[in-house]
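# Chain and residue survey
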Amino acid sequence: MEQIKLSEQDIINALCLYVSDKKAVSPYEVEIELMFDDDYGFSAESHVAGRKQILVTVNIIEAIRFWLDTKLQMDPFAAGIELELDDDEGIIAWIR
């Protein structure tokens, strides 16, 4: 499998699809903010219908796997996924 780099926007889109699937709403109704903390690592905050939910690293990885399966028709478990904080690009993901 070739190496794929997901931009911050791609990760946000994956999280929107993931949360919308879990909450049975349109992806356009989901707002996502990605975050990084030196102590806690990667996380995201989602807002749906006035409710806030915190998603941790494992949820972000699960969302990317959901996106790989539904949008790219790839085996989501055949790839390793690594999140990275880039000074120029923000939070990105490497799929190897």
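Above: the structure in question.
Below is a short write-up of the structure.

### Thoughts on the nonpolar core
Among the nonpolar cores identified, the biggest contains 30 residues, and Ile11, Leu15, Ile32 and Ile64 are the most heavily contacted of them. The element contributing the most residues to this core is helix H1 (residues 8–23), with eight residues. Aside from chain neighbours lying at most four places away, what touches Leu15 is Ile32, Leu34, Ala44, Leu55, Asn59, Ile60 and Ala63.

### A word on the side chain of Ser43
With respect to the element layout, Ser43 can be found in strand E3 (residues 41–48). Here Ser43 falls in the buried class, since its relative accessible area comes to 17%. Every residue in contact with Ser43, bar those within four places of it in the chain, is listed here: Glu33, Leu34, Met35, Leu55, Val56 and Ile60.

### Thoughts on the pattern of salt bridges
Inspection of the entire model under this criterion finds three salt bridges. The partner of Lys5 in a salt bridge is Glu89, and the shortest N-O contact between them spans 2.8 Å. A residue pair is termed long-range when its members are at least 10 positions apart, and Lys5 in strand E1 (residues 4–6) and Glu89 in the loop between strand E5 (81–86) and strand E6 (90–95) qualify at 84 residues. The partly exposed category is assigned to Lys5, whose relative accessible area is 38%. Between Glu45 and Lys52 there is a salt bridge, and its shortest N-O distance comes to 3.9 Å. A relative accessible area of 15% means that Glu45 is categorised as buried.

Criteria and thresholds
- Residues numbered from 1 in each chain as written.
- Predicted model: local features only at pLDDT ≥ 70, side-chain atom pairs only at ≥ 80, totals over all residues.
- Heavy atoms only, no water.
- Core = buried A, V, L, I, M, F, W, Y, C linked by side-chain atoms within 4.5 Å.
- Buried < 20%, exposed > 50% of the residue type's maximum accessible area, 1.4 Å probe, protein only.
- Helix = DSSP H or I, 4+ residues; strand = E, 2+ residues; numbered from the N terminus.
- Contact = heavy atoms within 4.5 Å.
- Salt bridge = Lys/Arg side-chain N within 4 Å of Asp/Glu carboxyl O.

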